[in-house]
Structure formats: C-alpha cells, structure tokens
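Spelled out, the chains give:
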Amino acid sequence: PSGEGVYQFCSRATDLAGNCEPMPASHDGESGYDTVPPDTSVAASGQYWHATSPHSISITAGFQLAPIAQVSLYYRYSSDNATGGTWNWFATDSALGWDFSFTWPDGPGHYQFYTTSTDLAGNAEASPGAPDDRNGYDPNAPVAAWVTVSPSPAYVGTNNVVWLNATIGALD
C-alpha cells in the first residue's frame, strides 16, 4: 500500500484464448491499512462522591480507520486518598458503546480510572500517564450526634435573648 487508508480491489479474468472479462461496475472487496492506535478515556462522571452500586462508567472513543474492537477499564483504590494503590483490570467490553457497571470492588474509598483499547487492525492503545477520572464511594449515611448544649437548661423570658452554644460531632 501507499500509506494508510481504505483500498478497493476488483478482479478481471483472461482465459487462454484471450477472452477478457469486462471491468466490473463496482469493486469486489476492500481492505484498510491502519497503524494508528485508538484513543479512549473515561468520560467525566460530573460528581466525585457516589453512594450507590453499581456506578455506570461511560467511555469516549476515537479511532483513525479501523473501528475499536474492545475497551478495557482499569482502576486503583485508596482508602485515604493520600496513597495510591496498584492498577487493577476491571473488565473488557467489546460491545459498541463501551459502558461499564463498576461495582466498587474494594468497598468504600477513593477510586481512579483509565481505559485502554484495541482496534480491528490490532493497534493497541498504551496506558496513559495519568487517570482519566476519579470518584469516591461512600454508601453509608452520615451519623451526627449532639455533644454539648450550653447553658442547659436554658429558660427565656419575654424580650430576652439567650445565646446557645452547640457542638455537633460527625461520626462519619
């Protein structure tokens, strides 16, 4: 081939008597030549914290000529959002649309995501240098408790103002 692109082919037969098949009206087949890997990423989810599982993760994708054959989703987990864990494969999807139902496999905490993909020509996308998206998972409802109220008890007469100090402690 003379470079990347789609090539169309047709055939014409000539027998030993010199009879030549006429040129066909359209091509018999076509093939593509593509050396550029596809480009995929996790679409931004719009909010950081999520309380339900599974979480739908959508993928954005671009390719040169050959359509994308499959997309793989990777994640890493941190319980404190200060340390980074190792990257883990979550799933591979070969259905057009490439949506993943992420089940928060390591439980509540902080997650980072990226994708890789392969196209029908066999070109493979490299892992990116940084995550495509970040999300937190916390399925637990917060618990608050009154710790102190002062003065206690507080009595108020007509036209009197009493200031109360309250301390609220969050348990989650």
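Rules behind the numbers
One numbering rule holds for all chains: residues counted from 1, following each sequence as written. Since the coordinates come from a predicted model, pLDDT governs what is reported: local features require at least 70, and pairs of side-chain atoms require 80 or more to be given and counted, while whole-chain, interface and lining totals use all residues. Remark: hydrogens and water are excluded; side-chain values derive from all non-hydrogen atoms of the structure. Helix and strand assignments come from DSSP, with helices taken as H or I runs of at least 4 residues and strands as E runs of at least 2, each series counted from the N terminus. Think of it in three bands: with a 1.4 Å probe and only protein chains considered, a residue is buried below 20% of the maximum accessible area for its type, exposed above 50%, and partly exposed in between.

Peer 1: Explain unusual backbone geometry to me, please; I cannot follow it from the model alone.
Peer 2: Most of the time, phi is negative for any residue but glycine, and the peptide bond is trans. Geometrically, the link from Ser53 to Pro54 is a cis peptide bond, its omega value of 0 degrees lying close to zero. Positionally, Pro54 belongs in the loop between strand S4 (49-50) and strand S5 (55-57). Phi at Asn81 takes a positive value of approximately 65 degrees, unusual for a residue other than glycine. Within the secondary structure layout, Asn81 lies in the loop between strand S7 (68-78) and strand S8 (88-93). The class for Asn81 is partly exposed, based on a relative accessible area of 47%. Backbone geometry places Trp104, a non-glycine residue, at a positive phi of 50 degrees. With respect to the helices and strands, the residue Trp104 is situated in the loop between strand S9 (100-102) and strand S10 (109-119). Among the residues examined, Trp104 registers a relative accessible area of 3% and is labelled buried.

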